[in-house]
Amino acid sequence: MHDKHAVSAYDRYVYEAGKVGVIGLGYVGLPLAMACIRSGLQVIGIEIDERKLSLVKDGKSYIQDISDEELTAAVRSGQLAATADYSQLMDVNGIVICVPTPLTEEHTPDVSFITNTCVRLRDHLQPGQLVVVESTTYPGTTRELVQPLLEQGGLTAGVHFHLAYSPERIDPGNHSHKLQDVPKIVSGVSSDCLTRVTELYGRIFRHVVPVSSTDIAEAAKLLENSFRLINISFINEFAKLCDELQLNIWEVIEAASTKPYGFMPFQPGPGIGGHCIPVDPLYLQWSARRSGTESRFIELSHHTNETMPRYIVNRIARLLGPDRTLSGASILLIGIAYKKNIADMRESSALTLIRLLQQEGADVSYYDPYVPSVRIGASVLHSVELTDETLNGAGCVVIHTDHACLPIERIVENAAVLYDARNATRGMKSAGRLERLGGGTHTSRRSRQQVSE
Ligand SMILES: NC(=O)c1ccc[n+]([C@@H]2O[C@H](COP(=O)([O-])OP(=O)(O)OC[C@H]3O[C@@H](n4cnc5c(N)ncnc54)[C@H](O)[C@@H]3O)[C@@H](O)[C@H]2O)c1
């Protein structure tokens, strides 16, 4: 029987006048939309958060790597139109899904954002359109979850529309690797789908890397991020060991890094944050459990990561000295974003650190030029002004996030007691007390007991 949709599927795909829909204008979606525009494509951005929608419409960027000027120009020229209305996607060629994939309270995959997106999208899906999932997720999601949900709209993937998966590798705040220069893995649920996504992404990205299935592409992303979780957790364990062995881990890493092959340096820190590294490996762990096996590396690394803030609290307690306790001590955190030079607080170890310090009775304040305020339970903390007096007055200053703009020398000069969880003070001497994570300052018996709690 002649299937008019299947025939029109290939005719509709016109690249010359390419129009792309991007669903979810967050840390991934907005930069991707701008990359599409830079490649000459027109973008319909779909966003359900009204605040973000109106900011985009006003040309006000909430993503650091996108300037207001670039956003305003895209909106004014009509290259970017932002809306919550999925029916606007009916005349685009490609639709890219960039919605969140967090964890449930039980630490299992929460794919509800993907499900909701597919349910909203399916009735507007048109023959010939290409749908690309970019959200990070467990192997099998595109095939088992997205495909059947979209097909409930009446069109078949690989026959009437194209379905693909392409993991996002964006690294917010990283100016050395531009989005379009990072090789882009692409995959499709059929060979035609792979061809379509390779063609479209070939316009946006410099290097496109086709792989044989969507499951492989999904798993590749989880491998990349699990690799980072495991290695950073290992270096954090090594940092704790160096404290015990009275070795300076930073010097150890520097020495090991001179090996030209077979070694890749990772840096210790107060805990891994962000929407990706602490979260994605648990998607893989869930997959392992689902298939009746386990992933002990991920479990151990997750545990090591989760316990880093407690370790830092114990080191601060030790640094305050035997005559002082955390109770009533004023602790000033410097930098609370999950990593340097960005404003993202998602899964930041500073959140746990603040909570633990407050539980010990400490009076916690913070300075972060990127994060004006933060909610901790029922209360809101506001970034303080970083004056010499603020630094002088703190019982202990803690460098949590080493933003490039921090006045490190002034911090070292004015803080009587300073704990540096990032080695931001490398090579500097302090007239007061200064300890670095993994710096090799031996723990007392008392703090060893605390660490093992
Ligand atoms: N942030 C990163 O650095 C990064 C890097 C690589 C991959 N990823 C992955 O990309 C995905 C998106 O992450 P993100 O950091 O951009 O998240 P985000 O929260 O910054 O952005 C997602 C956006 O989607 C919107 N949204 C949710 N449901 C929607 C719906 N049904 N329709 C339209 N909009 C909807 C949200 O309002 C939000 O603005 C996740 O799977 C994440 O794991 C993120």
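Just above sits the structure.
For clarity, every value in this text was computed on a predicted model and none was experimentally measured.

A. The layout of surface pockets, seen in detail. Taken as a whole, the second largest pocket holds about 210 Å³ of empty space. Residue lining of the second largest pocket: 13 residues in total, with Tyr62, Gln64, Ala343, Asp344 and Tyr370 positioned closest to the centre. A class-by-class count of the residues in the lining of the second largest pocket yields 9 nonpolar, 2 polar and 2 charged. Of the domains in this structure, domain 1 (4-212) and domain 2 (297-452) are the two that each give at least three residues to the lining of the second largest pocket.

B. How the structure looks around a nonpolar patch on the surface. A surface patch of nonpolar side chains, amounting to about 320 Å² of accessible area, comprises Leu241, Leu245, Leu247 and Val252. Tracing the backbone through its elements, the reader meets Leu247 in the loop between helix H8 (214-245) and helix H9 (249-256). Residue class for Leu247 comes out partly exposed when judged on its relative accessible area of 40%.

C. Examining the environment of Gly202 more closely. Mapped onto the secondary structure, Gly202 falls in helix H7 (residues 191-204). Residue class for Gly202 comes out partly exposed when judged on its relative accessible area of 43%. It is 9.9 Å that separates the C-alpha atoms of Gly202 and Gln180, two residues lying 22 residues apart in sequence. Beyond its immediate stretch of four places on either side in the chain, Gly202 contacts Val197 and Val208.

D. Spotlight on the site of the ligand. Contacts to the ligand come from 26 residues, most closely from Val28, Glu47, Lys52, Tyr86 and Thr101. Within the side chain of Lys52, an N or O atom sits 2.7 Å from an oxygen atom of the ligand. At a separation of 3.0 Å, an oxygen atom of the ligand approaches a polar side-chain atom of Arg346. Alone, the ligand offers 830 Å² of accessible surface; in the complex the protein occludes 94% of this. Split into classes, the residues belonging to the shell around the ligand amount to 13 nonpolar, 7 polar and 6 charged.

E. Representation of the pattern of salt bridges. Scanning all chains against the criterion turns up 18 salt bridges. The closest approach of N and O atoms between Arg196 and Glu199, which form a salt bridge, is 3.5 Å. Residue Arg196 and its partner Glu199 are both found in helix H7; the two are separated by 3 residues, about one turn of the helix. Residue classification places Arg196 among the buried positions, given a relative accessible area of 15%. For Glu199, a relative accessible area of 36% gives the class partly exposed. Put simply, Arg318 and Glu435 hold a salt bridge, and the shortest N to O gap is 2.9 Å. Taken together, the residues Arg318 in helix H11 (residues 296-320) and Glu435 in strand S15 (residues 433-436) connect sequence positions 117 residues apart. Its relative accessible area of 1% is what places Glu435 among the buried residues. Bridged by salt links that share partners, the residues Arg143, Glu144, Asp215 and Arg290 form one connected network.

F. Quick peek at the sheet that holds strand S6 (residues 162-165). Strand order in the open sheet made by the 8 strands is S3-S2-S1-S4-S5-S6-S7-S8, with mixed pairing throughout. Pairing within the sheet leaves two strands with one partner each, and these edge strands are strand S3 (80-83) and strand S8 (208-210). The average undirected angle you get between the axes of adjacent strands in this sheet is 25°. Pairing analysis gives 4 bridges linking strand S1 (residues 19-23) to strand S4 (residues 94-97), with the strands arranged parallel. Residue pairing across strands places Gly21 opposite Ile95, the latter belonging to S4. Where H8 meets the sheet, it contacts S6 and strand S7 (184-188), and its direction lies at approximately 150° from that of S7.

Rules used in this analysis
Residues numbered from 1 in each chain as written. Predicted model: local features only at pLDDT ≥ 70, side-chain atom pairs only at ≥ 80, totals over all residues. Heavy atoms only, no water. 1 Å grid on protein atoms, 1.4 Å probe; cavity = no way out; pocket = protein on both sides within 12 Å on 5 of 7 lines; lining within 4 Å. Points joined across faces, edges and corners; volume = space filled by probe spheres on them. Nonpolar A, V, L, I, M, F, W, Y, C, P; charged D, E, K, R; others polar. Domains from an automatic or database assignment. Patch = residues over 30% accessible without salt bridge, like charges linked within 9 Å, V, L, I, M, F, W, Y side chains within 5 Å. Areas by Shrake-Rupley, 256 points an atom, 1.4 Å probe, with all protein chains shown as cover. Salt bridge = Lys/Arg side-chain N within 4 Å of Asp/Glu carboxyl O. Helix = DSSP H or I, 4+ residues; strand = E, 2+ residues; numbered from the N terminus. Buried < 20%, exposed > 50% of the residue type's maximum accessible area, 1.4 Å probe, protein only. Contact = heavy atoms within 4.5 Å. Near = heavy atom within 4 Å. Polar contact = N/O pair within 3.5 Å; in protein donor to acceptor, adjacent residues only side chain to side chain. Pairing = 2+ DSSP bridges. Axes fitted to C-alpha atoms, helices over the stretch in contact; angles between N-to-C directions.

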